[in-house]
Amino acid sequence: MPEMMDSFNRTASFNRRAMSFSSPRVHRRRWGPSPFLVFVGFLVFCFFKIIASGYINASPSSNQAFDGYSDSSSNGSVGVCDVFEGSWVQDDNYPLYNASECPFVEQGFNCLGNGRMDKDYLKWRWKPQNCDIPRLNVQNVLEHLRGKRVVFVGDSMSRTQWESLICFLMTGVEDKKDVYEVNGNQITKRIRFLGVRFSSFNFTVEFFRSVFLVQRGWVPKNVPRRVRSTLKLDKLDNNSREWVNSDILIFNTGQWWVPGKLFETGCYFQVGGSLKLGMSIPTAFRLALGTWASWIETTIDTNRTQVFFRTFEPSHWGNETHRHCNVTLHPMSDTKGGDKSIFSDTILKVVKHMTVPVTVLHVTSMSAFRSDAHVGTWSDGQPISDCSHWCLPGVPDVWNEIVLSHMLTNHGLSR
């Protein structure tokens, strides 16, 4: 049953409300409470106490948004730190790598190499409120991954995180020639599969492009002319068979679930043989995630595979047309609503009710502060600014720090 991050806070709030009940004031004669009323009041108090206590101790599922690490306070008590609640602090120990020295960074994400002059955006570390994300020892990470298979599945944001992880791991490899793309491919968004092998440690880090996670379909017969393709919400992507037998499996989706990528291109939703012309995007997203969840539960051996799902990554466009992009010099002090996402909420709800363990990487809020860290105009010759994708090094490095720290903590490895 799920142990939600904010369950204690909600319970404490519930207890305070339960204890604050009082009789309305009546400005008449003052009567002393009868023994019977005192007894009834005592029973009511006990009832609420039992209910609140049960709320604390009952946990509806084993799934959760990753809370973080045990945190010993000054009085010796131990609690759990929510790594996704915190702030960005400047730290000269960053960045973790040099993108120009990593052959697996897409040129379009190497903002410094593409002419960005300010370097402040490279010097920020995520600091949770009540703990720290441990500084990773890359040699320990490499040893932990020896003989394993790491798989990323999703859109270009997933590919960015994939590139980030490879570049960090390469800093601990003495002979860089031991790290290579298994098919000799250049890193590009046009390829549906990319796999990088660390031969001296016998593991691979792979990326499968699946922007919706479910299948794209051909146009059914006898449909309106505006329908050019469909999204089969009840069928997982046809490359899903390649995701199994991995040791670490990290998903994302969301950026393509917008009218411009769907309805405006003639793509509509389909369930079974039925076309759903009137179905909304949030409803379709929920159905697609349900298909993904069922596949995980029936196909993935979670005794072997650690499954993660990263929430939606906010963009920082100046308007809804996605034509105005104002990259700031520093992180914002306020998320301005960017920490809210119907996609992230849906991911949390779906995972909460799954019957196998899945860890949610709830990065929406932490990423919403980083209006300074987008590609902007520092791409590889693209004519328009980009306030969706992230510079590398940058924000995706922190997502990987959290994933790796979670794995190392669970396996008890020293740093």
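This text goes with the structure placed above it.
Per chain, residues are indexed from 1 in the order of the written sequence. Confidence filtering applies because this is a predicted model: local features only for residues at pLDDT of at least 70, side-chain atom pairs given and counted only at 80 or more, and all residues used for totals across whole chains, interfaces and linings. Side-chain numbers come from the whole structure's heavy atoms, not from hydrogens or water.

### With respect to the environment of alanine 293
Put simply, the rule is: Elements are defined by DSSP. Helices are runs of H or I of four residues or more, strands are runs of E of two residues or more, and each kind is numbered from the N terminus. Two residues qualify as a contact provided that any one of their heavy atoms is within 4.5 Å of a heavy atom in the partner residue.
Within the fold, alanine 293 resides in helix α5 (residues 281–299). In this structure, the C-alpha to C-alpha distance between alanine 293 and threonine 355, residues 62 residues apart in sequence, is 9.1 Å. Discounting residues that sit within four places of it in the chain, alanine 293 has contacts with Val350 and Met354.

### Section: the side chain of arginine 310
Let me state the cut-off plainly: A 3.5 Å cut-off defines polar contacts: any pair of N or O atoms within that distance qualifies, except that in protein one atom must be a possible hydrogen donor and the other a possible acceptor, and neighbouring residues in sequence count only when both atoms are side-chain atoms.
In this structure, arginine 310 sits in strand β15 (residues 306–310). Among the polar contacts made by the side chain of arginine 310, one reaches the side chain of glutamate 313 at a distance of 2.3 Å. Leave out the neighbours within four places in its chain, and arginine 310 touches Met157, Ser158, Gln161, Phe251, Asn252, Ile347, Leu361, Val363 and Trp399.

### Side note on the state of the cysteines
Test applied: Counting rule for disulfides: a pair of cysteine sulfur atoms within 2.5 Å. Accessible area is worked out with a 1.4 Å probe on protein chains only. A residue is then buried under 20% of its type maximum, exposed over 50%, and partly exposed in between.
A complete count under the given rule lists four disulfides for this structure. A disulfide bridge connects cysteine 81 with cysteine 131, and the sulfur atoms are separated by 2.1 Å. Taking the torsion about the S-S bond as the criterion, the cysteine 81 to cysteine 131 disulfide, at about -70°, is left-handed. You can see cysteine 81 sitting in the loop between β3 (78–80) and β4 (86–90) and its partner cysteine 131 sitting in the loop between β5 (124–128) and α3 (138–145), a full 50 residues away along the chain. Overall, cysteine 131 belongs to the buried group, its relative accessible area being 9%. The disulfide partner of cysteine 102 is cysteine 167, and the S-S distance across this bridge is 2.0 Å. Taking the sign of the S-S torsion, about -85° here, the bridge from cysteine 102 to cysteine 167 comes out left-handed. With cysteine 102 in the loop between β4 and β5 and cysteine 167 in helix α4 (residues 156–170), this pair connects stretches of sequence that are 65 residues apart.

### Section: the nonpolar core
Quick reminder of the rule: To form a nonpolar core, buried Ala, Val, Leu, Ile, Met, Phe, Trp, Tyr and Cys residues must be joined to one another through side-chain atoms within 4.5 Å.
One finds Trp162, Phe168, Leu169, Phe198 and Val205 to be the most contacted residues of the largest nonpolar core, which totals 64 residues. Of all the secondary-structure elements, those providing two or more residues to this core are β5, α3, β6 (149–154), α4, β8 (193–198), β9 (203–209), β12 (248–251) and α8 (395–411). Excluding its chain neighbours within four sequence positions, the residues that come into contact with tryptophan 162 are Phe152, Ile187, Leu194, Gly195, Val196, Val205, Glu206 and Phe207. In this structure, Leu231, Leu233, Val244 and Leu289 belong to the second largest nonpolar core, which totals 41 residues.

### Regarding the sheet that holds strand β14 (residues 274–276)
The strands that make up a sheet pair up through hydrogen bonds in the backbone, lying either parallel or antiparallel. Rules: In short, DSSP must find at least two bridges between two strands for them to pair. Here the axes come from fitting lines to C-alpha atoms, over the contacting stretch only for helices, and the angles between their N-to-C directions go from 0 to 180 degrees.
Spatially, four strands are ordered β10-β11-β13-β14 in an open sheet, and the strand pairing comes out mixed. Here the strands that pair on one side only, and so sit at the sheet edges, are β10 (214–217) and β14. Put simply, the sheet's adjacent strands are angled 35° from each other on average, direction ignored. For strand β11 (residues 229–236) and strand β13 (residues 267–271), the ladder comprises four bridges, and the chain directions are parallel.

### Describing the side chain of glutamate 106
Tracing the backbone shows glutamate 106 in the loop between β4 and β5. Residue class for glutamate 106 comes out buried when judged on its relative accessible area of 12%. With sequence-adjacent residues up to four places away left out, glutamate 106 is seen in contact with Arg159, Glu163, Ile187 and Lys189.

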